[in-house]
Amino acid sequence: LRPCAHSARPPAPARVGLQRFRQEQASPRVRRAAPAAGTEQSALRGSPTMVSNTSTPRAASSPESEGDYFRKKNWKHKDVKQRHGLHGYDPLDRAFQQIREEKKQRSTFFSSPRSPSAKEHAKRATDLLKEHVETMKGLDLAFRYTFRGAKLGFSIVVARYGEEGREHVQIEATQPHCDLYTPQRPLKELENMRDKIMPTDELIAINGEYIPDVSAKTFPQILKKIQKAGRPLTATFVLGERREEAHSEQEEGRGMLREDLRLIDVSAYVKEAQSHRAIAADGLRQTRKAVEARRPIDECRTYVNAAEQGALKSAPPAQACAKLQIDARSAKAERLIGTAQLKTAQAAQDARTDADEAARLLRAYELRRNAEDGETFAVDQLSSPGAIAGVCFRDDVEGDAILGDLRTPLAGYKPDAAWCCGSWVLVKADGLDAYRGALSKRTTASVRVPDGASGGSVLETYLPDGTPVNVILPRGARPGQQLDAPISYPRDLSLDVAISRSSAYEVRATEQGRTRRERGTLNKPLVIQRGAQQMTKTFALSKDRADISATNGQQTRWAPGSNDTLVVTSTFPRLTPLQVELTFERRSVPVAEDDEDPFAKYLPAKVDAHAFLRQLNSVVATAGLKYRNQRANIPRDEEDAWNIYIMTEHCDAKFEWLCGQWACVATEGLAEYNRALGLKLPDEATPMALGIAVSGDRFYELHVRSGGEYFIERGEFGKPTVINAAGGVTFDKRCDVSASGKTMAVGTPGAQVVSIKRLSPTDSDLLVTTSYPELTDAVVCRVFTLKHKWSERNGVGAGHANAETGSAYRLDGPGPRPQTGDDDFFGLDYTCGALGMREGCYAGCVG
């Protein structure tokens, strides 16, 4: 049954125990019937969802009781049982119609004070329901039953007959586990089953308490009453008018539903996936056994291929099973299909794991066997695009760079190497596929065509030895096919080359997002070893070419090409007459304008000016170094590794103008600057010496000596040094450079900033300006002139126990004697010189 069209929106579904109670909402259906008892009204035959037409009479002014009405009309048992379907509204409907009319009148402004109250209405409605139950009991059309189990086993809705009929709680459906359920039977037998409930029966009382006020609005309260009633629960039912037909329709619908929910046979998917998983497991077992027995490589590869085939064939049934639709109406179907999907997916995953493990075992076995075969060992080194270019062989041990893993390559300093240093990108590879195919003796790779791929598609896959390759699907390839496709080796390669004055080189090869690095010394053999096999590789350089020669292996030549390109030619004369020619273009780096502000990207920045000014407690601080609470940040165990010479040796070319030892020769504006900021500092500048070293394009080191104090600051461009001041205030101290490399800034963005530039494009002197734009327009200008350049000659560890680590340095040229504090530019005493402390000069300076 459904509520009429003008009723309120039904509440959300609720449950009593595990039973669902809901109120449906649908459009009413109208059927006409002959009028009864001389009035024109709906006959409401057939379905109890029938409603009356617009000619249904209104409520009588004084409705008579049901018993009197039935006797007056001389109704028989059938007339009473099907009273709405045969005769329209019954006396109980009319009585409730009158109560509703009185309630409406009482709610108006002109209602009479004698109108019944809501409590009186409820009592009258309850009395009417009691009389109705007694009348129906007398006709064997009502009964009571006590439920003791947790589950009631039926669902209810709010229903009524016609547009103005009495709203009541009606049984919507019964479940097989209900105490009062009856299975499908012939209608004649169902007519005599008056101690069972069926759809259209009315639930009229709960534990003897009648339900007079039923509507969409009160339905949630009715549900709560049932939920809180507990067990046992005694319910009173009045038999519905077409209960037998409704029950038959319910059972027929369930039969059709069960027919719709016939279970799919998923055992075939599970069986197929698990059988292929068993093949993969057997392939792994055979591979492990063959490897342990040191069987031939080809035999081991057969077992690996069997494991791979098992893994590939276990995937389709798992994918097909995963696409099966699960009908939520059937818990059993959901459970069976879900279990099958889990089993097939697990089988496919296990098969793939076994195949990958078999391939790994084969690869490790090949490496061990190749170590016993010099020719195979030499070819095996050329498994990457970088190796074809002569660098980063497979078994080349990656050493850590002195300066860490920089974001950009180190700039070359050796004059003869300028043509090959920098960043290069591969733009052309002539003969690459044929050359690598001739060396590996493999021109095709086995691949399964994925969904959506077709002839001409390029797929990435791996050879059994782990080498990544691309394959081009042939014409006519269809998804799901397993075929051998031609190999196309990847061409995604870039080189970063750096060669220093001391002939140390570093080359980084980036291949498909993976970066490898080779480091060594020019003309010094680099040893590559695996097991018992060993080869040496030598990088030799001249003004117009570089030769990379591997013993009994690949021979590579680098040469400058036209339009500032790098041409790399590789051959393997022992194995093939073919060669490969790689052409690289120099990667362009955008350069910003000369007047770029290195600190612009950190603005705006908020700084407590009052607290910050307390940091400027010395002339050195007004030069951007040694704030009041700043401490040296060079740990003693890292001092040797950060020797100035080593840093400058690898300096990016665009920062060469900065590096060296500088002496302050002129200062202007210091007094005005101090007065503007209220600083109580000397107005006359004291002698100041400055040392600057840059590593690559990322790290810096600053030395300053003034007034007998020596201070070292070190860090990474752009990364802040946090200074903890009094009162819990913190400041960020930064050092950064412009993209052009022509401006360096030191200080705190939003507070004091020190800018370092060349005095002019043709003058090597430094112009150092100090400003605090947020507080004053005053500026301090200092000019520093170059006194000494850091140099390799007479520089690292001369005559010192730590000579190999480069822990001490001296100035170049015949210049001053470093044995006295007066002559040493940085005021270093004898114990900190080349013949002094074993911890190196930094230990004495910082301590």
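Residues numbered from 1 in each chain as written. Predicted model: local features only at pLDDT ≥ 70, side-chain atom pairs only at ≥ 80, totals over all residues. Heavy atoms only, no water.

> Please provide a residue-by-residue account of the overall build of the protein, values included.
Across its full length, the protein holds 19 helices and 34 strands. Within the protein, the fraction of its 847 residues that count as buried is 48%. Of all intrachain contacts in the protein linking residues separated by at least 6 positions in sequence, the fraction that spans at least 24 positions is 64%. If you sum the accessible surface of the protein, you get close to 41,300 Å²; carbon and sulfur atoms cover 50% of it. (Helix = DSSP H or I, 4+ residues; strand = E, 2+ residues; numbered from the N terminus. Buried < 20%, exposed > 50% of the residue type's maximum accessible area, 1.4 Å probe, protein only. Contact = heavy atoms within 4.5 Å. Areas by Shrake-Rupley, 256 points an atom, 1.4 Å probe, with all protein chains shown as cover.)

> Before we move on, can you summarise the side chain of Lys-733 with the specific residues and values?
Within the secondary structure layout, Lys-733 lies in strand β30 (residues 730-737). Side chain to side chain, Lys-733 and Gln-630 meet in a polar contact 3.0 Å long. (Polar contact = N/O pair within 3.5 Å; in protein donor to acceptor, adjacent residues only side chain to side chain.)

> Before we move on, could you go through the pairing of strand β17 (residues 504-511) and cite the residues and values that matter?
Where a strand is regular, its side chains alternate between the two sheet faces. Within β17, six of the eight residues are buried, which leaves the element mostly enclosed by the surrounding structure. Examined bridge by bridge, strand β16 (residues 493-499) and β17 share seven bridges and lie antiparallel to one another. Note on β17: the bridge partner recorded for Ser-494 is Thr-510. As consecutive antiparallel partners, β16 and β17 are separated by four residues, and within that stretch Ser-503 has a phi angle of approximately 75°, a positive value. Pairing between β17 and strand β18 (residues 514-521): eight bridges, direction antiparallel. (Pairing = 2+ DSSP bridges.)

> Summarise the sheet that holds strand β19 (residues 526-530); cite the residues concerned and give the values.
On the basis of which strands lie adjacent, the open sheet formed by ten strands has the order β18-β17-β16-β11-β24-β23-β22-β21-β20-β19 and antiparallel pairing. In the strand order of this sheet, the two ends are held by β18 and β19, each with one partner. For this sheet the average axis-to-axis angle between neighbouring strands, irrespective of direction, equals 20°. Sitting on the sheet, helix α14 (residues 432-440) is in contact with β11 (422-430), β23 (565-572) and β24 (576-586), with an inclination near 135° to β24. (Axes fitted to C-alpha atoms, helices over the stretch in contact; angles between N-to-C directions.)

> Talk me through the nonpolar core; I want residue IDs and the actual numbers.
Within soluble globular proteins, side chains that are nonpolar generally end up buried alongside one another. In terms of nonpolar packing, the biggest core is built from 57 residues, with Leu-495, Ile-499, Trp-558, Leu-582 and Phe-584 touching the most fellow members. Ranked by the residues each element gives to this core, the list is headed by β16, at four residues. Counting residues in each nonpolar core, the second largest holds 43 residues, with Trp-75, Ile-171, Ile-197 and Ala-205 among its members. (Core = buried A, V, L, I, M, F, W, Y, C linked by side-chain atoms within 4.5 Å.)

> Lay out unusual backbone geometry in plain terms, naming residues and giving numbers.
Along the chain, Arg-231 connects to Pro-232 via a cis peptide bond; the corresponding omega equals 5°. Across the junction of Leu-603 and Pro-604, the peptide omega takes the value -5°, indicating a cis bond. The residue Pro-604 is located in the loop between β24 and α15 (609-613) in this model. Even without a glycine there, the phi angle at Arg-294 is positive, about 55°.

> How would you sum up the packing of helix α9 (residues 267-292) against helix α10 (residues 297-322)? Please name residues and give values.
At their nearest, the axes of α9 and α10 sit 8 Å apart, and the two run at 160° to each other. For the element pair α9 / α10, the angle class is roughly antiparallel. In the packing of α9 onto α10, the handedness of the crossing is left-handed. Residue classes in the contact of α9 with α10 are distributed as 16 nonpolar, six polar and three charged. (Parallel < 35°, antiparallel > 145°, perpendicular 65-115°, else oblique. Left-handed = near helix turned anticlockwise from the far one by under 90°. Nonpolar A, V, L, I, M, F, W, Y, C, P; charged D, E, K, R; others polar.)

> Tell me what's going on with α9, and back it up with residues and numbers.
Over its 26 residues, α9 extends 37 Å from the first C-alpha to the last, a length consistent with the 38 Å expected when each residue adds 1.5 Å. Within α9 the residues assigned to the buried category are Val-270, Ala-273, His-276, Ala-280, Gly-283, Leu-284, Thr-287, Ala-290 and Val-291. Arg-294 sits one or two residues past α9 and shows a positive phi near 55°. (Expected span 1.5 Å × (residues − 1).)

> Break down the sheet that holds strand β26 (residues 688-695) for me, citing the residues and quoting the values.
Read from one edge of the open sheet, ten strands run β28-β27-β26-β25-β34-β33-β32-β31-β30-β29, paired in antiparallel fashion. The sheet terminates laterally at β28 (709-716) and β29 (721-724), the two strands that pair on one side only. Strand-to-strand, the axes of this sheet are offset by a mean angle of 25°, without reference to chain direction. The sheet contact formed by strand β25 (residues 660-668) and β26 spans four bridges and is antiparallel. Each bridged residue has a counterpart across the sheet, and for Ala-663 the counterpart in β26 is Ala-689. Sheet contacts for helix α18 (residues 670-677): β25, β33 (763-771) and β34 (779-788); angle to β34, the most-contacted strand, approximately 135°.

> Go over the packing of aromatic side chains with me, naming the residues and quoting the values.
On inspection of all chains with the given rule, the structure shows 16 aromatic pairs. Seen from their ring centres, Tyr-69 and Phe-70 are 6.4 Å apart, and the 70° between their planes marks the pair as edge-to-face. Residue classification places Tyr-69 among the buried residues on the basis of a relative accessible area of 5%. The class for Phe-70 is buried, based on a relative accessible area of 7%. Between Lys-537 and the ring centre of Phe-393, over which it is positioned, the NZ or CZ distance is 4.9 Å. If you follow Arg-734 out to its NZ or CZ, it ends over the ring of Tyr-602, 4.2 Å from the centre. (Phe/Tyr/Trp six-rings, centres within 6.5 Å; stacked < 30°, edge-to-face > 60°. Lys NZ or Arg CZ within 6 Å of the ring centre and 35° of its normal.)

> Describe helix α1 (residues 66-73), and please don't skip the residues or the numbers.
Among the residues making up α1, those that are buried are Glu-66, Gly-67, Tyr-69 and Phe-70. The buried residues of α1 occupy an angular sector of 165° when projected down its axis, which confines them to one face. Across α1 from its buried face, at more than 90 degrees, point the exposed residues Arg-71 and Lys-72. Directly beyond the C-terminal end of α1, a positive phi value near 60° is found at Asn-74. (Arc of directions from axis to C-beta.)

> Tell me about the side chain of Asp-354, and name the residues and values.
Position of Asp-354 relative to the elements: it lies in helix α11 (residues 331-370). What makes Asp-354 buried here is its relative accessible area of 11%. Not counting the four nearest positions on each side in its chain, Asp-354 is found in contact with Arg-277, Ala-280, Ala-281 and Leu-284.

> Could you give me a rundown of the environment of Met-193, with the residues and numbers involved?
With respect to the helices and strands, the residue Met-193 is situated in the loop between α6 (187-191) and β8 (202-206). For Met-193, a relative accessible area of 15% gives the class buried. Sequence-wise, Met-193 and Glu-244 are 51 residues apart; in three dimensions their C-alpha atoms are separated by 9.3 Å. Excluding residues within four positions of it along the chain, Met-193 makes contact with Thr-182, Arg-185, Met-198 and Arg-243.

> Give a detailed account of the confidence of the model for the protein, specifying residues and quantitative values.
Across the protein, the average pLDDT comes to 77, with 76% of residues at 70 or higher. Contacts from residues 1-62, a stretch scored under 50 in pLDDT, to residues over four places away or in other chains number 150 contacts. This stretch, residues 637-643, has a pLDDT under 50; its non-local contacts, to residues over four places away or in other chains, come to 21 contacts. (pLDDT = per-residue confidence, 0-100.)

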